[in-house]
Amino acid sequence: MSEDDIDRFRDQVKALYQRMRREQPAIDGLPRSALQVLTAADNAQSPMRPGQLTAQLHMTSPNMAAALRELEAHGLITREPDPADKRQKFVYVTEIGHRVVVENRDSRHAWLRDAIERSLTSRERALLFQAGEIMQRLADDGQRRTVITMPPRETGTDAGTARASLNGRRRRS
């Protein structure tokens, strides 16, 4: 397995992900990030606090607050005080919000199902679903991510040369 194989595989997964995002129907006046928040809240087993949604979706608090304001303005969620701690609020998905999530999911599923049926043979479909199982194992891999430590910040004329050297070695993400 070469670096080129890994790069090609990553690019293929990325291309499919991007296509799936493009096939997600636009909801007039609703940013994609707000739709992600709505979907996560709807999929939750119980009402969640904004901080829980922020952590689950790896969003910043200001972005989460903006998404929640947008969703509330469209009547897709309500925020109600936590009975045990009035300072905290829970996010509840309204019936309209739930319908938006279901319609969005159905639309994405229909596109993917149709694309698979149109583009792949029955043998390729079986391979694709096997590959999906394998990809899930990769996603579930418990190994920790490597963190690259940056060298100490340099000052003076050599700093620009060091940054240029680092930038020259940077790989595509």
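Structure first, text after, so check above.
What comes next concerns the included structure. (Residues numbered from 1 in each chain as written. Predicted model: local features only at pLDDT ≥ 70, side-chain atom pairs only at ≥ 80, totals over all residues. Heavy atoms only, no water.)

### Things to note about the overall build of the protein
Helix and strand counts for the protein come out as seven helices and two strands. Start at the N end of the protein and walk to the C end: the helices and strands fall as α-α-α-α-β-β-α-α-α. For the protein, buried positions account for 19% of its 173 residues. Taking the contacts inside the protein whose residues are at least 6 apart along the sequence as the reference set, 51% of them involve residues at least 24 apart. Total accessible area on the protein stands at roughly 13300 Å², and carbon and sulfur atoms take up 52% of it. (Helix = DSSP H or I, 4+ residues; strand = E, 2+ residues; numbered from the N terminus. Buried < 20%, exposed > 50% of the residue type's maximum accessible area, 1.4 Å probe, protein only. Contact = heavy atoms within 4.5 Å. Areas by Shrake-Rupley, 256 points an atom, 1.4 Å probe, with all protein chains shown as cover.)

### Details of the packing of helix α2 (residues 32-43) against helix α4 (residues 61-73)
Remark: α2 packs on α4, axes separated minimally by 9 Å, with the N-to-C direction vectors making an angle of 80°. By the angle between their axes, α2 is roughly perpendicular relative to α4. In this structure, α2 contributes S33, A34, V37 and L38 to the contact, and α4 contributes M64, A67, L68 and L71. Looking at side-chain class alone, the contact of α2 with α4 contains seven nonpolar, one polar and no charged residues. (Axes fitted to C-alpha atoms, helices over the stretch in contact; angles between N-to-C directions. Parallel < 35°, antiparallel > 145°, perpendicular 65-115°, else oblique. Nonpolar A, V, L, I, M, F, W, Y, C, P; charged D, E, K, R; others polar.)

### Describing the pattern of salt bridges
All told, the structure shown has eight salt bridges when counted by the stated rule. Here D5 and R8 are joined by a salt bridge, their closest N and O atoms 2.6 Å apart. With D5 and R8 both in helix α1 (residues 3-23), this residue pair falls three residues apart, about one helical turn. For D5, a relative accessible area of 34% puts it in the partly exposed group. When the shortest N-O distance is used, the salt bridge between D114 and R113 registers 3.6 Å. The class of R113 is partly exposed, set by a relative accessible area of 44%. A cluster of three or more residues bridged by salt bridges with shared partners is formed by D7, R10 and D11. (Salt bridge = Lys/Arg side-chain N within 4 Å of Asp/Glu carboxyl O.)

### Thoughts on a nonpolar patch on the surface
The grouping of F9, V13, I134, M135 and L138 at the surface amounts to a nonpolar patch, some 420 Å² of accessible area in total. Following the sequence through the fold, F9 ends up in helix α1. (Patch = residues over 30% accessible without salt bridge, like charges linked within 9 Å, V, L, I, M, F, W, Y side chains within 5 Å.)

### Here we look at the side chain of D42
Structurally, the position occupied by D42 is in helix α2. Of the side chains with opposite charge, R105 comes closest to the buried, unpaired D42, at an N-O distance of 4.1 Å. When near neighbours in sequence (up to four residues on either side) are disregarded, D42 contacts V93, H98, V101 and R105. (Lys, Arg positive; Asp, Glu negative; His and termini not counted.)

### Re the nonpolar core
Core analysis: the biggest nonpolar cluster contains 19 residues, and V37, L38, L53 and L71 have the highest contact counts within it. With six residues, α2 is the largest single contributor of residues to this core. Once residues lying within four places of it in the same chain are set aside, the contact partners of L71 are L30, A34, V37, L38, L76 and I77. (Core = buried A, V, L, I, M, F, W, Y, C linked by side-chain atoms within 4.5 Å.)

### A word on unusual backbone geometry
Of note in this structure, H58 is not a glycine but carries a positive phi near 55°. Mapped onto the elements, H58 comes out in the loop between α3 (50-57) and α4.

### Overview of the layout of surface pockets
In this structure, the largest pocket encloses a volume near 560 Å³. Lining of the largest pocket is provided by 18 residues; of these, L16, L112, I116, L128 and M135 occupy positions nearest its centre. Going through the elements one at a time, α1, α5 (95-119) and α6 (122-140) are the ones with two or more residues in the lining of the largest pocket. Quantified by volume, the second largest pocket comes out at close to 370 Å³. Ranked by the residues each element gives to the lining of the second largest pocket, the list is headed by α5, at five residues. (1 Å grid on protein atoms, 1.4 Å probe; cavity = no way out; pocket = protein on both sides within 12 Å on 5 of 7 lines; lining within 4 Å. Points joined across faces, edges and corners; volume = space filled by probe spheres on them.)

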